[in-house]
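The chain contents come next:
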Amino acid sequence: MRPEPDAELEHEIFENESFRGQDLSGLSTTGCTFRGCDFTLAQINGSEHSGTDFANSTFEAANLFGAHFAECRLVGASFAGATLTGLTVEGGDWSYVLLRGQDLAGLDLRRLRLREADLSEADLSDADLRGADLTRARLHNAILAGADLRETIVDGVDLSAARISQAQLDLAGAVQLARSLGADVD
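Residues numbered from 1 in each chain as written. Predicted model: local features only at pLDDT ≥ 70, side-chain atom pairs only at ≥ 80, totals over all residues. Heavy atoms only, no water.

### Topic: a negative patch on the surface
- On the surface, Glu 4, Asp 6, Glu 8, Glu 10 and Asp 23 cluster together into a negatively charged patch.
- The class of Asp 6 is exposed, set by a relative accessible area of 59%. (Patch = residues over 30% accessible without salt bridge, like charges linked within 9 Å, V, L, I, M, F, W, Y side chains within 5 Å. Areas by Shrake-Rupley, 256 points an atom, 1.4 Å probe, with all protein chains shown as cover. Salt bridge = Lys/Arg side-chain N within 4 Å of Asp/Glu carboxyl O. Lys, Arg positive; Asp, Glu negative; His and termini not counted. Charge placed at Lys NZ, Arg CZ, Asp CG, Glu CD. Buried < 20%, exposed > 50% of the residue type's maximum accessible area, 1.4 Å probe, protein only.)

Pasting the structure below:
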């Protein structure tokens, strides 16, 4: 079954297919696979996804307003120029994802795996990143004002390149920040 607006898909598999510019508003997926698919300019607003795999897919300039992803796999996905307003995420693996320059302010990204994700210049103001895995993520010029970084894994992250103010840190995060700034912490 091909996706269409308000469709409900379960365990369907799509690989390297183009959904470029399509209206997929209200689409609901459970346990589906969309590996290497092109969603450029697609309307995916108000969609619901649970346990779906979107690895290496492209969402460039797509509209994901109000989309919901629960325990989804978006490893290597690109969201360049996408609309992510009202996005909700419940866990999952978003490693190697391209979110450069995205407005992620206030989003709940708890327990999300963002290993080696490109969050450069992203606005993560007031985002909840508790328990997220940011191992080796790129945060150059990212805004983390008021972000909750407690229990966040920041191994290999250069926090000195991010703009941090009023962020909530636990001891491990404070030590990593100090090391990023050149301090010798014993």
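### Quick look at the packing of aromatic side chains
- Applying the stated criterion to the full structure yields 13 aromatic pairs.
- A ring pair is formed by Phe 14 and Phe 19, whose centres lie 5.7 Å apart and whose planes are at 85 degrees; its orientation type is edge-to-face.
- Taking the relative accessible area as the measure of exposure, Phe 14 reaches 5% and is therefore buried.
- Classification of Phe 19 as buried rests on a relative accessible area of 0%.
- Both rings, one in Phe 39 and one in Phe 59, keep their centres 4.9 Å apart while their planes meet at 5 degrees; by these two values the pair is stacked. Placement of Phe 39 in the loop between strand S4 (33-35) and strand S5 (48-50) and of Phe 59 in the loop between S5 and strand S6 (68-73) is noted, with a sequence separation of 20 residues between them. Both residues of the pair, Phe 39 and Phe 59, count as buried.
- Here the aromatic residues Phe 14, Phe 19, Phe 34, Phe 39, Phe 54, Phe 59, Phe 69, Phe 79 and Trp 94 are joined through ring pairs into a cluster of three or more. (Phe/Tyr/Trp six-rings, centres within 6.5 Å; stacked < 30°, edge-to-face > 60°. Helix = DSSP H or I, 4+ residues; strand = E, 2+ residues; numbered from the N terminus.)

### Some remarks on unusual backbone geometry
- Despite not being glycine, His 11 shows a phi value in the positive range, around 55 degrees.
- Among the secondary structure elements, His 11 is positioned in the loop between strand S1 (8-10) and strand S2 (13-15).
- With a relative accessible area of 59%, His 11 lands in the exposed category.
- Here Asp 126, not a glycine, exhibits a phi torsion of approximately 60 degrees, which is positive.
- For Asp 126, the location among the structural elements is in the loop between strand S7 (88-93) and helix H1 (171-180).

### Concerning the sheet that holds strand S3 (residues 28-30)
- Judged by pairing direction, the sheet is parallel, and its five strands sit side by side in the order S1-S3-S5-S6-S7 without closing on themselves. With partners counted over all chains shown, the strands left at the sheet margins are S1 and S7, one partner each. In this sheet, neighbouring strand axes are inclined to one another by 10 degrees on average, regardless of whether the strands run parallel or antiparallel.
- As paired strands, S6 and S7 are joined by five bridges and run parallel to one another. When the bridges of S7 are listed, Phe 69 appears paired with Val 89. (Pairing = 2+ DSSP bridges. Axes fitted to C-alpha atoms, helices over the stretch in contact; angles between N-to-C directions.)

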